[in-house]
Structure formats: structure tokens, C-alpha cells
Amino acid sequence: MSLPKGLAEEVSKNLVMVAKLIDEDPELAYGYSKIALRLASRVAAVREAAGFAAYATQRYTEALAEFRAARRMTGGVELWPVMADCERGLGRPERALAMAGEAEVQKLDKAGQVEMRLVAAGARRDMDQLEAAIVTLQSPELASHSVQPWTARLRYAYADALLAAGREGEAREWFAKALEADKDGVTDASDRLAEMDGVEFVDAIDVDGDDSDHTDAHDAESSSEADETLTEEDEGDEDEGDEEDGEDGDGGDDAESDDVPAPDLADEVVDDVKVADEGDERP
């Protein structure tokens, strides 16, 4: 469906914001998707973006409705795995498994089929069928030595299932393989490996803070000793001064102090913050 130029530009701006924010601020991305949906609800790309924004914020009923609408408009099957995962999110893993057996799965590309396998394994785990989940993940894609966009997530899911089944040795091997394939850091395989190896991470800030405390205590002690020494010397000087005054006969007059009181200083900090109104991005 084509839109007038001005409307198309407004819709495009909101879709760009959805794509930009969906990982770092899903709720804000969801807000932009609702604006785009209000402007152009008959555009498949808008319905798909709204679906992913709802999915990212765990609004699974809404996400599933948007994905179904987008699929009706395009006739494609690309959204089939995420639709099945919405069924899982709604507490219906058996429906997700049923979708994994539908003919649409055969029409998916390799990435889509791997995604469907991940969803099906997750559904098995939801149903406490752990061994079945492990078997579901065993595939040529898992055994392949080539690294594809889905490789890290597939290996990670397999390692996690093995660990849940108590097969720690195998799990560690596959977490290591997942880390090897995870160039973009999409999993926490490194943390899982460290946890299994009993590695504890120490916050460097806390260590620096402790050292600073020790240094401050040492400085304070040194300063205290110096003050005591100076006090003793001052008392000795005063005694000598009194003796001299007594000899001269001028002990009754005090000299004016040479100390000059420090002026009061006020630091004025002016923050000139220009806050961009996010509403300007919206129609």
C-alpha cells in the first residue's frame, strides 16, 4: 500500500526510531510503533514493527495479533518462529510445538528453520521434557564447524540444556564452542564458563576504595604526629618570648595579628542543558 509523501515520511521516521531503540529502550520503541500504527495500520511493515516492539516488551497477545496481520498482508512465513514463541510467552508451549510441525516450517530459510528449532526446544523445556529438548537441538547446524549468524545461540541453547540435565562436562564444552562463535556478544557464554570454573570477579572500584581508605588513614596519622611536634615547638617559643618580654618590661602589650582572614568564596555552576524533546520526532 502506498502512502502520500508527507505521511510516508512521518511513518518512516517512527519506524526508524523503533529499530533504533528496540534493544536499548523497548518501551520507548513500543511508543513509536504505536504512533506509526495509528498513521498507517494497513502497511505490512508497520504491523510487523509493531509486533516486534510488543514482543520486546512481553506484550505477547498484542505481538501475536500484529504478526498475524502482517502475515495476512504479505503471505510470507518469515514470522512463523516468532509467532510460535509468542505462544510460549502466553503459556501455551503445546501450540508452539504444533506450529513446529506445520508445513510452513519447510518454507523457511535455513535461519528461520534454526530459529524454529530453538523455539521448539524451549517449548519442550517449558513442558519439563528436558531430554526431548536436547534431542530437538541436535542437528546438522549444531554439528557444523562453520560459523553462521545463528551458531552462537544454537550452541548456547544446547549447552544450557545439557547443564540443566546435569551433564556438566558436555555443557562446558558447548559453552566454550558458543563463546568461540559469539563474535558480537549476543550470549553470556563467557560468564557461564567462568561460573562453572568457580571464577569470581572482584570490582576494581572497591579495591581502589580500600587502598584509598588505607592511604587516608596513614596520611591522617602522619598529620596528627606533625601537629603534635609543631605544638611542642610553639609552646617552647612562647616560653622564650615571655622571658624576653619580662626582661624588656613590655609584657603588657599584644602585637596585632598578621593573619588575614580568607574571603568567602562561592563557586557558581550554571548548567546550560539543552534537552531534545523526543516528542518532536512524533507527528
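Counting restarts for each chain: residues are numbered from 1 in the order of the written sequence. It should be noted that, the model being predicted, local features are given only for residues of pLDDT at least 70 and side-chain atom pairs only at 80 or more, the latter also being counted only at that level, while totals for whole chains, interfaces and linings use all residues. The basis for every side-chain value is the complete set of non-hydrogen atoms in the structure, without hydrogens or water.

1. Brief notes about the overall build of the protein chain
Note on conventions: DSSP H or I runs of at least 4 residues are helices, E runs of at least 2 residues are strands, and numbering of each starts at the N terminus. Assigned secondary structure in the protein chain consists of 13 helices and zero strands. Helices and strands appear in the protein chain in the N-to-C order α-α-α-α-α-α-α-α-α-α-α-α-α. Burial classification: accessible surface area is computed with a 1.4 Å probe over protein chains only, and a residue below 20% of its type maximum counts as buried, one above 50% as exposed, and the rest as partly exposed. Within the protein chain, buried positions represent 31% of all 283 residues. Here a residue-residue contact requires only that any non-hydrogen atoms of the pair lie within 4.5 Å. Taking the intrachain contacts of the protein chain between residues at least 6 apart in sequence as the baseline, contacts between residues at least 24 apart amount to 52%.

2. Describing helix α12 (residues 189-196)
Residues A189, R192, L193 and A194 constitute the buried set of α12. Close packing links the buried residues of α12 with α10 (151-164) and α11 (168-181). Immediately downstream of α12, the backbone of G198 shows phi near 75 degrees, a positive value.

3. Side note on the packing of aromatic side chains
Centres within 6.5 Å are what make two rings of Phe, Tyr or Trp a pair, Trp counting through its six-membered ring; a difference in plane orientation under 30 degrees is then read as stacked, over 60 as edge-to-face, and the rest as tilted. Applying the stated rule across the entire model yields four aromatic pairs. Both rings, one in F52 and one in F67, keep their centres 4.9 Å apart while their planes meet at 70 degrees; by these two values the pair is edge-to-face. With F52 in helix α3 (residues 44-56) and F67 in helix α4 (residues 60-74), this pair connects stretches of sequence that are 15 residues apart. Measuring from ring centre to ring centre gives 5.4 Å for Y156 and F175, while their planes differ by 65 degrees; the resulting arrangement is edge-to-face. One end of the pair, Y156, is in helix α10; the other, F175, is in helix α11, and 19 residues separate them in sequence. Like F175, Y156 is buried. Between R59 and the ring centre of Y30, over which it is positioned, the NZ or CZ distance is 3.9 Å. Here, over-ring charges are defined by two tests on the NZ atom of lysine or the CZ atom of arginine: distance to the ring centre within 6 Å, and angle to the ring normal within 35 degrees.

4. Remarks on the nonpolar core
Grouped together as the largest cluster of nonpolar side chains are 31 residues, with contacts concentrated most on F67 and M116. Every element with two or more residues in this core is listed here: α1 (5-21), α2 (26-39), α3, α4, α5 (80-89), α6 (93-100) and α7 (110-126). If we ignore the near neighbours within four places in the chain, the residues touching F67 are E48, G51, F52, Y55, L79, V82, M83 and C86. In terms of nonpolar packing, the next biggest core, distinct from the first, is built from 20 residues, I134, L137, L142 and A178 among them. To define a nonpolar core, start from buried Ala, Val, Leu, Ile, Met, Phe, Trp, Tyr and Cys residues and group those joined through side-chain atoms within 4.5 Å.

5. A word on the confidence of the model for the protein chain
Summary of the metric used: pLDDT quantifies the predictor's per-residue confidence within the range 0 to 100. Summary statistics for the protein chain give a mean pLDDT of 81 and a share of 70% for residues scoring 70 or more. Segment residues 237-283 is flagged for pLDDT under 50; beyond a separation of four residues in sequence, or across chains, it makes 15 contacts in the model.

6. Topic: the packing of helix α8 (residues 130-137) against α10
For every element, the axis is a line fit to its C-alpha atoms; helices are fit only across the contacting stretch, and the angle between N-to-C directions ranges from 0 to 180 degrees. At a minimum axis distance of 9 Å, the contact between α8 and α10 shows a crossing angle of 155 degrees. Regarding the angle of α8 to α10, the classification is roughly antiparallel. In the packing of α8 onto α10, the handedness of the crossing is left-handed. Packed against α8, whose contacting residues are L130, I134 and L137, the element α10 presents L154, A157, Y158, A161, L162 and A164 at the interface. The nonpolar class holds Ala, Val, Leu, Ile, Met, Phe, Trp, Tyr, Cys and Pro. Asp, Glu, Lys and Arg form the charged class, and all remaining residues, Gly among them, are polar. Of the residues belonging to the contact of α8 with α10, the class tally is nine nonpolar, no polar and no charged. Angles below 35 degrees are treated as roughly parallel, those above 145 as roughly antiparallel, those between 65 and 115 as roughly perpendicular, and all remaining angles as oblique. Crossing handedness: left-handed means the near helix sits turned counterclockwise from the far one by under a right angle, and right-handed means the same turn made clockwise.

7. Comments concerning the pattern of salt bridges
Every case where a carboxyl oxygen of Asp or Glu lies within 4 Å of a side-chain nitrogen of Lys or Arg is listed as a salt bridge. Inspection of every chain in the model, using the stated rule, returns 17 salt bridges. As a salt-bridge pair, E10 and K13 come within 3.9 Å of each other at their nearest N and O atoms. Taken together, the positions of E10 and K13, both in helix α1 and three residues apart, correspond to about one turn of that helix. According to the relative accessible area criterion, E10 is partly exposed, its value standing at 24%. When the shortest N-O distance is used, the salt bridge between D160 and R125 registers 2.8 Å. Note that D160 is positioned in helix α10 and R125 in helix α7, a separation of 35 residues in sequence. R125 gets classed as partly exposed once you look at its relative accessible area, which sits at 31%. Taken together, the shared-partner salt bridges connect R68, E87 and R92 into one network.

8. Some points on the side chain of S139
The residue S139 is located in the loop between α8 and α9 (140-143) in this model. On the basis of relative accessibility, which here comes to 11%, the residue S139 falls in the buried class. The residues contacting S139, other than those within four sequence positions of it, are R117 and L154.

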